[in-house]
Amino acid sequence: MTTFLAPRDIARIVAAHGLPVVLNRLAAAIETDFRRWPEFDKVPRVAAHSREGVIELMPVADRTHYSFKYVNGHPGNGAHGLPTVMAFGVLADVATGAPLLLSELTLTTALRTAATSLMAARVLARPVTQGQTRTMALIGNGAQAEFQALAFHHGLGVRELRLFDVDPAATAKLVRNLRAVPGLALTVCASTAEAVRGAHIVTTITADKRNAVIIEPGMLEPGMHLNAVGGDCPGKTELHPGVLEAASVFVEYEPQTRIEGDLQQMPADFAVTELWRVLTGQASGRQRADEITVFDSVGFALEDFSALRLVQQLAAELGLGAPLELIPALADPKDLFSQLQLREQPERLVLQAA
Ligand SMILES: NC(=O)c1ccc[n+]([C@@H]2O[C@H](COP(=O)([O-])OP(=O)(O)OC[C@H]3O[C@@H](n4cnc5c(N)ncnc54)[C@H](O)[C@@H]3O)[C@@H](O)[C@H]2O)c1
């Protein structure tokens, strides 16, 4: 039997452990898998583009497990009462091909994206000196934003968030959701430029199907780390090319980021570093306090693989998940025909007269 995990199961996992613990365990699981990068079969995700958005399939496998995620990106979905990003995915056994888990991945994508951003910032953001308050500008205050905010608060000690969204209702929603978090100050700003000024870390997580310029070179300050999450599709970017030119740029999987990331604006030989090489000590992360670093995040299948395996484990520990009869249960694996239960109804096997 395949196990099915619904959004309420993920919510129960988070309620049982607390969000900081789940984010931290996800970041650790993703880092463990990134450290064994060469063991995975990897391919850039397969995208079907339309005027309104994109639908993508994201497969990856190692010797024991295969996973894929179905995910969309439709920035205008609010008008239909739907989220911009919706997802589900499957974890399967490589030895038999049997699907082990079918899980919601909408909530889980928000969790794993925040955990991946945290993992990257831990090796790329500059350390703060004692007594300094670590601040982060958060541009785009939609569905993903609280997850990013809490990952950076708990995982990296961000104490002040400087918020901006072109939709003030989105920012008001974020403030409502996070105002009770102790030790986290929320400052609502009137523009991106105001939010970014003086910030140690800048997270851009906007949704707009165009080459937007959220961050311009004039907004950069020495030592800034940019966690650029919203530019993740051809023709959908957030950073001015001059920002990338001024920075050391880090990516998940280079062949995919060249197509989808802010990197799509740069020449094919523009130098980037894959994160797994930093995590395994084969390449340097941040080298100087005044260096500007960019994590050009697009979301890679391996993050969902790690997340699926972790939620499978956490759900099993808590007795969560429903059995799902996705594949026929056969007494004789060669007798698929018996599933139709037509042996006793031979009249159903012949063409009926009209
Ligand atoms: N890299 C990844 O792994 C990853 C994972 C999930 C989502 N994403 C991307 O992150 C983005 C945000 O996703 P979401 O689910 O929060 O979407 P959302 O639609 O819920 O929120 C996006 C917010 O961006 C705001 N926005 C749009 N243009 C802006 C601008 N110029 N300045 C400031 N704010 C602006 C919108 O008003 C909205 O509130 C999407 O583009 C999505 O594709 C990336």
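Calculation notes
- Residue indices begin from 1 for each chain and proceed along its sequence in written order.
- In keeping with the predicted nature of the model, local features appear solely for residues at pLDDT of at least 70, side-chain atom pairs appear and are counted solely at 80 or more, and the whole-chain, interface and lining totals rest on all residues.
- Using a C-beta atom placed from the backbone, a residue is scored as near a molecule or strand whenever that atom is within 6 Å of it.
- Charged residues are taken to be Asp, Glu, Lys and Arg, nonpolar residues to be Ala, Val, Leu, Ile, Met, Phe, Trp, Tyr, Cys and Pro, and polar residues to be all remaining types, Gly included.
- All axes are obtained by fitting lines to C-alpha atoms, using only the stretch in contact for helices, and the reported angles, taken between N-to-C directions, cover 0 to 180 degrees.
- Helix and strand definitions follow DSSP, with helices as H or I runs of at least four residues and strands as E runs of at least two, each counted in order from the N terminus.
- The crossing is said to be left-handed when, going from far helix to near helix, the turn is anticlockwise and less than a right angle, and right-handed when the turn is clockwise.
- Once C-beta atoms have been placed from the backbone, residue pairs whose C-beta atoms lie within 7 Å are recorded as contacts.
- The term nonpolar core refers to a set of buried Ala, Val, Leu, Ile, Met, Phe, Trp, Tyr and Cys residues connected through C-beta atoms within 7 Å.
- Residue burial here comes from a neighbour count, namely the number of other C-beta atoms, placed from the backbone, that lie within 10 Å of the residue's own C-beta, with 20 or more meaning buried, 12 or fewer meaning exposed, and in between meaning partly exposed.
- Residue ranges for the domains originate in an automatic or database domain assignment.
- Under this scheme an angle from 65 to 115 degrees is roughly perpendicular, one under 35 degrees roughly parallel, and one over 145 degrees roughly antiparallel; angles in between are oblique.
- When DSSP locates at least two bridges between a pair of strands, those strands are taken to pair.

Now for the site of the ligand. Surveying the vicinity of the ligand reveals 30 residues, the closest of which are Thr84, Gly142, Ala143, Ala170 and Gly299. By residue class, the composition of the shell around the ligand is 14 nonpolar, 12 polar and 4 charged.

Turning next to the packing of helix α3 (residues 106-124) against helix α10 (residues 301-318). As a packed pair, α3 and α10 sit with axes 10 Å apart at the nearest point and diverge in direction by 115°. Crossing of α3 against α10: the hand is right-handed. Facing α3, whose interface residues are Thr108, Leu111, Arg112 and Thr116, α10 presents Glu303, Asp304, Ala307 and Val311. Of the residues in the contact of α3 with α10, the class split is 3 nonpolar, 2 polar and 3 charged.

In terms of nonpolar packing, the biggest core is built from 87 residues, with Leu23, Leu26, Leu111, Ala115, Leu118, Val294 and Val311 touching the most fellow members. Each of domain 1 (2-107 + 303-331) and domain 2 (127-299) gives at least three residues to this core. The contact partners of Val294, leaving out residues within four places of it in the chain, are Leu226, Ala228, Val243, Leu244, Ala247, Val249 and Phe250.

Turning to the packing of helix α2 (residues 19-35) against α3, a few remarks are in order. Axis separation between α2 and α3 bottoms out at 8 Å; the angle between their running directions is 65°. Taken together, the axis directions place α2 and α3 in an arrangement best described as roughly perpendicular. Between α2 and α3 lies a crossing of right-handed hand. Residues Val22, Leu23, Leu26, Ala27, Ile30 and Glu31 of α2 form the contact with α3, whose participating residues are Leu111, Arg112, Ala114, Ala115, Thr116, Leu118 and Met119. For the contact of α2 with α3, the class distribution of residues is 10 nonpolar, 1 polar and 2 charged.

Another point: unusual backbone geometry. Although it is not a glycine, Gln341 sits at a positive phi angle of roughly 50°. As for its position among the elements, Gln341 is in the segment after β17 (322-324). Take Gln341: there are 9 C-beta atoms within 10 Å of it, and that puts it in the exposed class.

Okay, the environment of Ala27 next. Of note, Ala27 is situated in helix α2. On the neighbour-count criterion, Ala27 (24 C-beta atoms within 10 Å) is buried. For the pair Ala27 and Ala207, spaced 180 residues apart in sequence, the C-alpha separation works out to 24 Å. Residues contacting Ala27, with those up to four places away along its chain left out, are Ala115, Leu118, Met119 and Gly155.

Taken together, 7 strands build an open sheet; the order of strands is β2-β3-β4-β5-β6-β1-β17 and the sheet is mixed. Both outer strands of the open sheet, β2 (46-49) and β17, are each paired with one neighbouring strand and no more. This sheet shows a mean twist of 20° between the axes of neighbouring strands, independent of strand direction. Sheet topology places strand β1 (residues 2-5) next to β17; 3 bridges connect them, and they run antiparallel. Of the residues in β17, the one forming a bridge with Phe4 is Ala322. Set on the sheet, α10 makes contact with β1, β3 (54-61), β4 (65-73), β5 (87-93) and β6 (99-104); between it and β4 the angle comes to about 110°.

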